[in-house]
Structures are given as structure tokens and as C-alpha cells.
Amino acid sequence: MTQAPDSFLANHDGAWIMPDATDLETVCAIVRQCPSGALTYDRLDGKAEQAPPVRWIAVACS
């Protein structure tokens with residue numbers, strides 16, 4: 001993730017996500033933008049979370 005290279009380590013063996021290396025709101029925004037939905041988080045600070053965007057896939061067969 002080029003938006004937070006200190007938190008998302010590319011080409012790294014072992015743990016590759018270090019969320020404490022970047023401010024919380026930036027990490028949350030990056031996770032919400034994950035195109036596959038593979039990255040998720042749970043807020044433990046009591047703040048309300050906005051709903052993630054709906055992802056649609058259309059398959060056309062001929």
C-alpha cells in the first residue's frame with residue numbers, strides 16, 4: 001500500500017501489516033479502499049464506523 005508504506009510492508013516475510021506505524025484514520029481509510037475486501041478491521045475505540053461501499057460484479061455469458 002503506497003499510502004502507508006510504514007504500515008503495509010511489501011515483499012516482507014512474516015507479519016506485513018503494522019497498523020500502529022500510521023495514524024488510525026489513515027489505516028482505516030486504506031482498509032476501506034481494499035478492492036477485494038480482504039482487509040478488515042474492528043474499531044475498539046467506541047467511534048461509529050461508516051458502512052463500507054457495496055461491491056458489485058456482473059458476469060456476462062455469450
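In this text the structure is predicted, and so the values were computed from the model without any measurement.

**Some thoughts on the overall build of the protein chain**
Scanning the protein chain from N- to C-terminus turns up one helix and zero strands. A compact globule built from 62 residues would reach a C-alpha radius of gyration of about 11 Å, whereas the protein chain, at 15 Å, exceeds it by more than 25%. Each principal axis of the C-alpha distribution contributes one length, and for the protein chain these read about 50 × 35 × 20 Å. Put simply, the protein chain has 62 residues, and 18% of those count as buried. Long-range contacts, defined here as pairs at least 24 residues apart, represent 12% of the contacts in the protein chain between residues at least 6 apart. On the protein chain, roughly 5200 Å² of surface is accessible, and the fraction owed to carbon and sulfur atoms is 58%. Across the protein chain, the 4 positively charged side chains and the 8 negatively charged ones have centroids separated by 9 Å.

**Here we look at the pattern of salt bridges**
Here the structure, examined in full by the defined rule, presents two salt bridges. The closest approach of N and O atoms between Arg43 and Glu25, which form a salt bridge, is 3.0 Å. Of the two residues, Arg43 is situated in the segment after α1 (24–32) and Glu25 in helix α1; the sequence distance between them amounts to 18 residues. Taking the shortest distance from any N to any O, the salt bridge between Arg43 and Asp45 comes out at 2.7 Å.

**Focus: the UniProt feature "domain: Divergent 4Fe-4S mono-cluster" (unreviewed entry) in the protein chain**
Under the present numbering, the feature "domain: Divergent 4Fe-4S mono-cluster" (unreviewed entry) in UniProt falls on residues 12–41. The span residues 12–41 is 30% helix and 0% strand, and its two end C-alpha atoms sit 21 Å from each other.

**A closer look at the side chain of Ser7**
Relative to the assigned elements, Ser7 resides in the segment before α1. With residues up to four places along the chain from it excluded, the contact list for Ser7 reads Trp16, Ile17, Met18, Pro19, Ala21, Thr22 and Val27.

Reading the values: rules and limits
- Residues numbered from 1 in each chain as written.
- Predicted model: local features only at pLDDT ≥ 70, side-chain atom pairs only at ≥ 80, totals over all residues.
- Heavy atoms only, no water.
- Helix = DSSP H or I, 4+ residues; strand = E, 2+ residues; numbered from the N terminus.
- Rg over C-alpha atoms; globule rule 2.2 N^0.38 Å.
- Buried < 20%, exposed > 50% of the residue type's maximum accessible area, 1.4 Å probe, protein only.
- Contact = heavy atoms within 4.5 Å.
- Areas by Shrake-Rupley, 256 points an atom, 1.4 Å probe, with all protein chains shown as cover.
- Lys, Arg positive; Asp, Glu negative; His and termini not counted.
- Charge placed at Lys NZ, Arg CZ, Asp CG, Glu CD.
- Salt bridge = Lys/Arg side-chain N within 4 Å of Asp/Glu carboxyl O.
- UniProt positions renumbered as here; feature names shortened; annotations may be inferred.

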